[in-house]
Amino acid sequence: MTHPAIYLDHNASAPLLPEARAALLAALDLTGNPSSVHGHGRALRNLIETARTQVAKLAGAERTQVVFTGSATEAITQAIVGGARAFGVDAILVSAGEHAAVSKAAEATGLPVRQIGLDAHGLIKVEEIVEAIKAADSAGMKLLVCVHLVNNETGVIQPVDRIEVLVGPSPHYLFVDAVQAFGKMALEFSSRAPDMVAVSGHKIGAPAGIGALLMKGHADQVRLIHGGGQETGRRGGTESAAAIAAFGAAAAAFPTRFYDANVSELVRVAEDGMRLIAPNLVVFGERADRIGNVTNFAVPGLKNAVAMMGLDLMGLSVSSGSACSSGKVGPSHVLAAMGVAAELSEGAMRVSFGWSSTIADVEAYLKGFGEVVGRHASRHGRAA
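Residues numbered from 1 in each chain as written. Predicted model: local features only at pLDDT ≥ 70, side-chain atom pairs only at ≥ 80, totals over all residues. Heavy atoms only, no water.

Notes on the overall build of the chain
Moving on, step 1. When its secondary structure is counted, the chain shows twelve helices and twelve strands.
Moving on, step 2. Its C-alpha atoms give the chain a radius of gyration of 22 Å, near enough to 21 Å, the size a compact globule of 384 residues would have.
Moving on, step 3. For the chain, the spread of C-alpha atoms along the three principal axes comes to 70 × 60 × 30 Å.
Moving on, step 4. The buried share of the chain, reckoned over its 384 residues, is 54%.
Moving on, step 5. Within the chain, contacts between residues at least 6 apart in sequence are counted, and of these 71% link residues at least 24 apart.
Moving on, step 6. Carbon together with sulfur atoms contributes 56% to the accessible area of the chain, which is approximately 15,800 Å² in total. (Helix = DSSP H or I, 4+ residues; strand = E, 2+ residues; numbered from the N terminus. Rg over C-alpha atoms; globule rule 2.2 N^0.38 Å. Buried < 20%, exposed > 50% of the residue type's maximum accessible area, 1.4 Å probe, protein only. Contact = heavy atoms within 4.5 Å. Areas by Shrake-Rupley, 256 points an atom, 1.4 Å probe, with all protein chains shown as cover.)

Okay, structure coming up:
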């Protein structure tokens, strides 16, 4: 029996918004280079600058603070590798829950990297940042502190406001990965302490292949890709006007569509339903503030590879964590940092909702989840 495919992996990538698709196709019909001064070039330039205004509005930034990049990973690498060089820092601080793009960029600087732990709820241990800053100040060192605002696996909202108070008035620098927060909570970049913030297009319904780095004025010398002066010299390479136009359209449309989807209610119904099916369900980070569109959980004894295969055969797309690492062998580094036992972590799954999600999706998922758990219980001689 075939089942309609249901997408429950919005944290990996959101479906393309109709508004973004329309902007993308309209831009693809235009010819030219946005750096050219003739009419064709000016038409493309207008699309880019309109999108810059739209993205800036959603980020609470000034439009001049938005630098378009080829992805959030590129934006992150520019901030960390380029920032370390431009600011002349001596060491990098990263949390143990960072996306691989952050940790790998920190390693690529060649500087000492100190990892800041997570507590059992998935929150960055701010006291360890306090200690690191004190030690750096005593040694006359400058730090680049790199943290995420929302964890992509658990949805836990990090205490970035407390970290801003520590780093903002200091001689150190702060970079924030806001990929999972963008469009879902206010960033208020222009009035907040972070020197740089990375955001992504495809997490909010734009196509993959477009992101942005938000940069304060004193960070304008942070570079990664040198070229012909595009993005006011801050990122070389001919801009993809079509992808950028779609990003802007998504930034304008996503908040209303996301709000209308009422995803926090979908998560609540999903978690309550799963607990009825599997009373021993463990939800990671449930005692911390969460972004509201994602749940990360495990049923003790049920391996995620088995469960996801069963769900996939029913047309239900879920993940075991970050799309950049879920295919790799081994437990989640985020859950390991939270002190979750490896055996339980091997059962971790992530279900994430977004602008196109409905209660019907939840109902279909719970039916499939019940079948998977029931089969597991039958094989192991236990009642579901």
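Considerations on the packing of aromatic side chains
Ring pairs (aromatic) are described by centroid distance and by the angle formed between their planes.
Moving on, step 1. A full pass over the atoms with the stated rule returns six aromatic pairs.
Moving on, step 2. Judged by centre distance (6.1 Å) and plane angle (65 degrees), the ring pair of phenylalanine 68 and phenylalanine 247 falls under edge-to-face. Of the two residues, phenylalanine 68 is situated in strand β2 (residues 66-69) and phenylalanine 247 in helix α7 (residues 241-261); the sequence distance between them amounts to 179 residues.
Moving on, step 3. Ring centres of phenylalanine 297 and phenylalanine 369 lie 6.1 Å apart, and the angle between their planes is 85 degrees; on these two criteria the pair is classed as edge-to-face. Of this pair, phenylalanine 297 sits in strand β10 (residues 294-298) while phenylalanine 369 sits in helix α12 (residues 359-379), and the two are 72 residues apart along the sequence.
Moving on, step 4. Given the relative accessible area of 0%, phenylalanine 297 is considered buried.
Moving on, step 5. Phenylalanine 369 gets classed as buried once you look at its relative accessible area, which sits at 1%.
Moving on, step 6. Members of the aromatic cluster, connected to one another through ring pairs, are Phe68, Phe182 and Phe247. (Phe/Tyr/Trp six-rings, centres within 6.5 Å; stacked < 30°, edge-to-face > 60°.)

Some points on helix α1 (residues 18-28)
Moving on, step 1. All buried positions along α1 are accounted for by Ala20, Leu24 and Ala27. For α1, the angular spread of buried residues about the axis comes to 70 degrees, placing them on one side.
Moving on, step 2. Summarising the contacts, the buried residues of α1 are in contact with α2 (39-59) and α7. (Arc of directions from axis to C-beta.)

A short note on the environment of valine 299
Moving on, step 1. Topologically, valine 299 is positioned in the loop between β10 and α9 (304-313).
Moving on, step 2. Taking relative accessible area as the criterion, valine 299 reaches 8% and is therefore assigned buried.
Moving on, step 3. For the pair valine 299 and arginine 42, spaced 257 residues apart in the sequence, the C-alpha separation amounts to 56 Å.
Moving on, step 4. What valine 299 contacts, discounting residues up to four positions off in sequence, is Ala278, Asn280, Leu281 and Phe369.

Quick word on empty space enclosed by the protein
Moving on, step 1. Within the structure shown, the criterion is met by one cavity of 30 Å³ or more.
Moving on, step 2. Taken together, His10, Asn11, Ala14, Lys184, Lys203, Phe254, Phe258, Asn293, Phe353, Gly354 and Trp355 make up the lining of the largest cavity.
Moving on, step 3. Split into classes, the residues belonging to the lining of the largest cavity amount to five nonpolar, four polar and two charged. (1 Å grid on protein atoms, 1.4 Å probe; cavity = no way out; pocket = protein on both sides within 12 Å on 5 of 7 lines; lining within 4 Å. Points joined across faces, edges and corners; volume = space filled by probe spheres on them. Nonpolar A, V, L, I, M, F, W, Y, C, P; charged D, E, K, R; others polar.)

Overview of the sheet that holds β10
Moving on, step 1. Spatially, β9-β10-β12 is the arrangement adopted by the three strands of the open sheet, whose pairing is antiparallel. Where the open sheet ends on each side, the last strands, each with one partner, are β9 (282-283) and β12 (349-352).
Moving on, step 2. When β10 meets β12, the two strands line up antiparallel, connected through four bridges. Counted as the bridge partner of asparagine 296 is arginine 350 from β12.
Moving on, step 3. Across the sheet, helix α8 (residues 263-277) touches β9 and β10, and the angle it forms with β10 is around 15 degrees. (Pairing = 2+ DSSP bridges. Axes fitted to C-alpha atoms, helices over the stretch in contact; angles between N-to-C directions.)

Brief notes about the pairing of strand β7 (residues 196-200)
Moving on, step 1. Taking burial as the measure, the five residues of β7 include five buried ones, the bulk of the element.
Moving on, step 2. Where burial is concerned, the two faces of β7 agree: the one with Met196, Ala198 and Ser200 and the one with Val197 and Val199 are both buried.
Moving on, step 3. Examined bridge by bridge, strand β6 (residues 173-177) and β7 share three bridges and lie parallel to one another. Counted as the bridge partner of aspartate 177 is alanine 198 from β7.
Moving on, step 4. Inspection of the sheet shows β7 paired to strand β8 (residues 211-215) by five bridges, in the antiparallel sense. Looking at the pairing, serine 200 lines up with glycine 211 of β8.

Comments concerning the nonpolar core
Moving on, step 1. Judged by nonpolar contacts, the single largest core of 99 residues is most densely connected at Phe68, Phe247, Tyr365 and Phe369.
Moving on, step 2. Of the residues forming this core, the biggest block, 13 residues, is contributed by α7.
Moving on, step 3. Excluding its chain neighbours within four sequence positions, the residues that come into contact with phenylalanine 247 are Val55, Phe68, Phe182, Val199, Ser200, Gly201, Ile204, Ala206, Ile210, Gly211 and Ala212.
Moving on, step 4. Membership of the second largest hydrophobic core comes to 25 residues, among which are Ala75, Val81, Val102 and Val222. (Core = buried A, V, L, I, M, F, W, Y, C linked by side-chain atoms within 4.5 Å.)

Things to note about the side chain of aspartate 9
Moving on, step 1. Relative to the helices and strands, aspartate 9 is located in the loop between β1 (6-7) and α1.
Moving on, step 2. The exposure class of aspartate 9 is buried, given its relative accessible area of 11%.
Moving on, step 3. In this structure the side chain of aspartate 9 is engaged in a polar contact, spanning 3.4 Å, whose partner is the side chain of serine 319.
Moving on, step 4. Dropping the residues within four chain positions of it, aspartate 9 is found in contact with Ser317, Ser319, Arg350 and Ser352. (Polar contact = N/O pair within 3.5 Å; in protein donor to acceptor, adjacent residues only side chain to side chain.)

Examining α8
Moving on, step 1. Its 15 residues place the ends of α8 21 Å apart at the C-alpha level, agreeing with the 21 Å of an ideal helix rising 1.5 Å per residue.
Moving on, step 2. Taken together, the buried positions of α8 are Val263, Leu266, Val267, Ala270, Glu271, Gly273 and Met274. The arc that holds every buried residue of α8, seen down its axis, measures 165 degrees, which confines them to one face.
Moving on, step 3. In this structure, the buried side of α8 is in contact with α7, β9, β10 and α12. (Expected span 1.5 Å × (residues − 1).)

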